[in-house]
Amino acid sequence: MRPPSRKRLGAVRRWALDPGPGLERVPDTPRPVHWLYLLLCVVFQITAVAFGKTAALRMETPTFGAFLTSPWYLGSLVCLVMQAFFWQLVLRGVRLFVAYLATSLHYLLILAAGRILFLERVTPLNVAGVVVIIAGVYLVVREDLS
Amino acid sequence: MTRAVAIFLAGVVAASIGQVFMKHGALRGRDRSVLRSFLDPHVITGYALMLLSTVASTIALKVLPLHVTIALLPLGYVVVVLLSVVVLSERMRRDHVWGMLVIVAGIVLFSLGTL
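This structure is a prediction, so every number in the text was calculated from the model and none was measured.

Definitions and cut-offs
Sequence positions are assigned chain by chain, starting from 1 and proceeding in written order. Whichever chain is written first is A, and whichever ligand is written first is 1; the rest continue in order. Local features in a predicted model are, by the rule used here, given only for residues with pLDDT of at least 70; side-chain atom pairs are given and counted only at 80 or more, and totals for whole chains, interfaces and linings are based on all residues. Only DSSP runs of H or I with at least four residues qualify as helices, and only runs of E with at least two residues qualify as strands; both kinds are numbered from the N terminus onward. For every residue, the other C-beta atoms within 10 Å of its own C-beta are counted; 20 or more classify it as buried, 12 or fewer as exposed, and values in between as partly exposed. C-beta atoms are placed from the backbone. Distance between backbone-placed C-beta atoms decides contact: two residues are in contact if it is within 7 Å. We define a nonpolar core as a collection of buried residues of the types Ala, Val, Leu, Ile, Met, Phe, Trp, Tyr and Cys that are connected via C-beta atoms lying within 7 Å of each other. Polar here means any residue outside two lists: the nonpolar Ala, Val, Leu, Ile, Met, Phe, Trp, Tyr, Cys and Pro, and the charged Asp, Glu, Lys and Arg; Gly therefore counts as polar. Here an angle of 0 to 180 degrees is reported between the N-to-C directions of two axes, which are lines fitted to C-alpha atoms, with helices fitted over the stretch in contact. The cut-offs work like this: below 35 degrees is roughly parallel, past 145 is roughly antiparallel, 65 to 115 is roughly perpendicular, and the gaps in between are oblique. Should the near helix be turned anticlockwise from the far one by less than a right angle, the crossing is left-handed, and should it be turned clockwise, the crossing is right-handed. Across the chain, each position has a pLDDT score giving the predictor's confidence in that residue, from 0 to 100.

S.K.: Looking at this model, I keep getting lost on the overall build of chain A. Mind explaining?
M.R.: When you go through chain A residue by residue, the secondary structure sums to seven helices and zero strands. Burial status across chain A gives 30% buried among its 146 residues. Across chain A, the fraction of contacts at a sequence separation of at least 24, relative to all contacts at a separation of at least 6, is 75%.

S.K.: Hey, could you run me through the overall build of chain B in this one?
M.R.: Secondary structure assignment for chain B yields six helices and zero strands. Start at the N end of chain B and walk to the C end: the helices and strands fall as α-α-α-α-α-α. Residues classed as buried in chain B amount to 41% of the 115 residues present. Summarising the internal contacts of chain B: among those between residues at least 6 apart in sequence, 76% fall at separations of at least 24.

S.K.: I'm lost on unusual backbone geometry in this one. Help?
M.R.: With the exception of glycine, the majority of residues adopt a negative phi angle, and the majority of peptide bonds are in the trans configuration. In this structure, A:Leu119 takes a positive phi of about 50° despite not being glycine. Position of A:Leu119 relative to the elements: it lies in the loop between helix H6 (106–118) and helix H7 (124–145). One non-glycine residue with positive phi stands out, namely B:Ser89, at about 55°. When you line up the elements, B:Ser89 lands in the loop between helix H5 (75–86) and helix H6 (94–112). Judged by local crowding, B:Ser89 falls into the exposed class, with 10 C-beta atoms found within 10 Å.

S.K.: Can you walk me through the nonpolar core in this structure?
M.R.: Across soluble globular proteins, you tend to see nonpolar side chains buried next to one another. A:Val90, A:Ala99, A:Leu101, A:Ala102 and B:Ile103 are the most contacted members of the largest nonpolar core, which has 58 residues in total. In terms of residue count, the dominant contributor to this core is helix H1 (residues 2–28) of chain B (eleven residues). In contact with B:Ile103, other than residues within four places in its own chain, are A:Leu101, A:Ser104, A:Ile133, A:Gly136, A:Val137 and B:Tyr77.

S.K.: Would you explain the interface of chain A and chain B in this entry?
M.R.: Put simply, an interface is often sized by how much accessible area is lost when its parts join up. Opposite the 32 residues of chain A that make contact, chain B presents 34 residues. Put simply, the parts of the chain that give the side of chain A that touches chain B at least two residues each are helix H4 (71–93), helix H5 (96–102) and H7 of chain A. In terms of residue count, H7(A) provides more of the side of chain A that touches chain B than any other element does, 14 residues in total. Its residues assigned to classes, the side of chain A that touches chain B comprises 21 nonpolar, seven polar and four charged.

S.K.: Can you walk me through the packing of H1(B) against helix H3 (residues 41–61) of chain B in this structure?
M.R.: To describe two helices that pack against each other, one gives the angle between their axes and the distance between the axes. All names here are of chain B. In the contact formed by H1 and H3, the axes pass within 7 Å of each other and the chain directions differ by 160°. As judged from the angle between their axes, H1 and H3 are roughly antiparallel. In this structure, H1 crosses over H3, and the sense of that crossing is left-handed. Along the lines of polarity and charge, the residues of the contact of H1 with H3 split into 17 nonpolar, ten polar and one charged.

S.K.: Please explain the confidence of the model for chain A as it appears in this structure.
M.R.: Segments scoring low in pLDDT should not have their predicted coordinates read at a detailed level. Looking at chain A as a whole, its pLDDT mean stands at 84, while 83% of the residues score no less than 70. Mean pLDDT across the secondary structure elements of chain A bottoms out at helix H1 (residues 6–17) of chain A, with 65, and peaks at H5(A), with 94.

S.K.: Quick question: what am I supposed to make of the environment of A:Thr103 here?
M.R.: All names here are of chain A. Looking at the secondary structure, you find Thr103 in the loop between H5 and H6. We classify Thr103 as partly exposed; it has 18 C-beta atoms within 10 Å. Once the C-alpha coordinates of Thr103 and Thr29 are considered, the two residues, 74 residues apart in sequence, prove to be 18 Å apart. Excluding residues that lie within four positions of it along the chain, Thr103 makes contacts with Cys41 and Val42.

S.K.: Could you clarify how one ought to interpret the packing of H4(A) against H1(B) in this entry?
M.R.: Contact geometry for H4(A) and H1(B): axes closest at 8 Å, N-to-C directions at 75°. Taken together, H4(A) and H1(B) sit at an angle that is classed as roughly perpendicular. Packed against H4(A), whose contacting residues are A:Gln88, A:Leu91 and A:Arg92, the element H1(B) presents B:Met22, B:Lys23, B:Ala26 and B:Leu27 at the interface. Looking at side-chain class alone, the contact of H4(A) with H1(B) contains four nonpolar, one polar and two charged residues.

Structure, rendered in structure tokens:
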């Protein structure tokens, strides 16, 4: 197989990086509603994980049919779709690196969900990690919040 | 194990590039409904890369020991930040860099607590 020519690679690169008409001047100034979308994104992501975990715990034999008929797995899938929906809305208004780093807040929710819903063990290092992550997220979003 | 690390890293890079594609798709679809923006080739490419990344990490995690996985986990955040600045020309200040480093440290700390 011949490697793609330089000209073709250039065309692919232009397509991938093309910001679209006028979009190169769109400022990333998040409105309060974008933070709500981001929060919903994180909540749906963790709910999907919690539903998936519940499904795994309740399923005796993991077969394809069992996956399709499990309301918990279907609920998990719905949550993932909702997460994707709100992620698009987030990306329309928030810089990618700010939004992506802020999603690390899911460590806080995963810790809470694990403890409350599944009675999992929480270690002091887990808690310390979450506190440090929250401090980091604050540093990242501080400018955009003010 | 080197091969597993390489596969895992390839997955991380694929997912990060996928996020850049999704950002492009989201910006291009600003004037359309969100549902229609899921038909944008950039968004579709983004999700395809995410799927590829999931497959790659599943293969790699079968072999990788937990302590190596913990060290590699926060890399996705760093790669996305780098791509945001280099490819998307997003403006980054010193606070953002510190924030990213603190988050990475927090994730490592959190993961050490699960060992």
